[in-house]
Amino acid sequence: LALLAAAMAALSSRKAAPPPNAYFLSSDISLPVKIRVGSMHGAAPDSGLSYPALVKARTGVAAADIEVWCQLHSHGRPVGQPERTCNAPGSQLRWNEWLSFSAHYRDLSADASVTLRLVGSSGARATRVVAEASARLFDDDGRSLHTGELKLPLTLLPPPDADADGAAAAPSAAAASAAPAAA
């Protein structure tokens, strides 16, 4: 909706009111790609742990030491450098940040996507990916931009020193929300 409103505002500045059901080609929209990274949440079934404590138990990384890295892809290739959230101590898996990419909507192909990686730090210079998810920016036909909140399923990855029997590799019912928009 924000994308449509911004595009309609741009057209209305030309003194011609757009029709009520106006459609715009992404090739005509010169706004930068923006994504809001919300939060990560899930359930800790029958463990007696809070969700941040469960994340630490399964990944070896404290919830306050996790940040989100986002990489935009177009034509199956990365576009620009990854953007990342700030790592605010005590955030407990809530970021609520807008990430702006250098690419514009007009530069994206119909197969454009964004990959979100949750990266944790378990010590000085010891960062690793603890979960990953990906989402397409356009529908399957490449005609409509996905807007609003998207819930992306994540599986928490075990620490590198997890038991060989996979005890620490149990999946989590986690979700990270990302809302593509241009505002």
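Our subject is the structure that appears above.
Residues numbered from 1 in each chain as written. Predicted model: local features only at pLDDT ≥ 70, side-chain atom pairs only at ≥ 80, totals over all residues. Heavy atoms only, no water.

Novice: I'd like a rundown of the overall build of the protein chain, residues and numbers included.
Specialist: Looking only at helices and strands, the protein chain has 2 helices and 8 strands in total. In sequence order, the secondary structure elements of the protein chain are arranged as α-β-α-β-β-β-β-β-β-β. Buried positions account for 38% of the 183 residues belonging to the protein chain. Considering only contacts within the protein chain whose residues lie at least 6 apart along the sequence, 67% involve residues at least 24 apart. Total accessible area on the protein chain stands at roughly 10,200 Å², and carbon and sulfur atoms take up 53% of it. (Helix = DSSP H or I, 4+ residues; strand = E, 2+ residues; numbered from the N terminus. Buried < 20%, exposed > 50% of the residue type's maximum accessible area, 1.4 Å probe, protein only. Contact = heavy atoms within 4.5 Å. Areas by Shrake-Rupley, 256 points an atom, 1.4 Å probe, with all protein chains shown as cover.)

Novice: With reference to specific residues and values, describe the nonpolar core.
Specialist: Among the nonpolar cores identified, the biggest contains 35 residues, and M40, L118 and L137 are the most heavily contacted of them. Going through the elements one at a time, β1 (32-43), α2 (51-59), β2 (66-74), β4 (94-104), β5 (113-121), β6 (127-136) and β7 (150-154) are the ones with two or more residues in this core. With residues near it in sequence (within four places) discarded, L118 still touches M40, I66, E67, V68, W95, R128, V129, V130, A131 and L154. (Core = buried A, V, L, I, M, F, W, Y, C linked by side-chain atoms within 4.5 Å.)

Novice: I'd like a description of the pattern of salt bridges, backed by residues and values.
Specialist: Under the criterion given, the structure shown has 4 salt bridges. Linking R106 and D107 is a salt bridge whose minimum nitrogen-to-oxygen distance equals 3.7 Å. What makes D107 partly exposed here is its relative accessible area of 42%. Its salt-bridge partner being R117, residue E132 comes within 2.4 Å of it at the nearest N-O pair. Of this pair, E132 sits in strand β6 while R117 sits in strand β5, placing them 15 residues apart in sequence. (Salt bridge = Lys/Arg side-chain N within 4 Å of Asp/Glu carboxyl O.)

Novice: Any chance you could break down the sheet that holds β6 for me, citing the residues and the numbers?
Specialist: Strand order across the open sheet formed by 4 strands is β3-β2-β5-β6, with antiparallel pairing between neighbours. The strands lining the two open edges of the sheet, one partner per strand, are β3 (77-84) and β6. On average, adjacent strands in this sheet sit at an angle of 20° to one another, irrespective of strand direction. Bridge count between β5 and β6: 9 bridges; the pairing is antiparallel. For S121, the partnering residue across the bridge sits in β6 and is T127. (Pairing = 2+ DSSP bridges. Axes fitted to C-alpha atoms, helices over the stretch in contact; angles between N-to-C directions.)

Novice: Outline the side chain of D139, listing residues and values.
Specialist: Among the structural elements, D139 can be located in the loop between β6 and β7. Look at D139: it is buried, it has no salt bridge, and the nearest opposite charge is R136 at 6.3 Å. When neighbours within four sequence positions are excluded, D139 is seen to be in contact with S144 and H146. (Lys, Arg positive; Asp, Glu negative; His and termini not counted.)

Novice: A description of unusual backbone geometry should follow, citing residues and the corresponding values.
Specialist: Of note in this structure, H75 is not a glycine but carries a positive phi near 55°. In this fold, H75 is placed in the loop between β2 and β3. The residue N96 is not glycine, and still its phi comes out positive at about 50°. Take N96: its relative accessible area is 54%, and that puts it in the exposed class.

Novice: Can you lay out the environment of E132 for me, pointing to particular residues and giving the numbers?
Specialist: Given a relative accessible area of 40%, E132 falls into the partly exposed group. Separated by 64 residues in the primary sequence, E132 and V68 place their C-alpha atoms 9.4 Å from one another. The residues contacting E132, other than those within four sequence positions of it, are T115, L116, R117, P153 and L154. A polar side-chain atom of E132 sits 2.4 Å from a polar atom in the side chain of R117. (Polar contact = N/O pair within 3.5 Å; in protein donor to acceptor, adjacent residues only side chain to side chain.)

Novice: Can you lay out α2 for me, pointing to particular residues and giving the numbers?
Specialist: Taken residue by residue, α2 has Y51, L54, V55, R58 and T59 as its buried positions. Looking straight down α2, one finds its buried side chains confined to an arc of 110°; they lie on one side. Looking at the residues trailing α2, positive phi occurs at G60, about 80°. (Arc of directions from axis to C-beta.)

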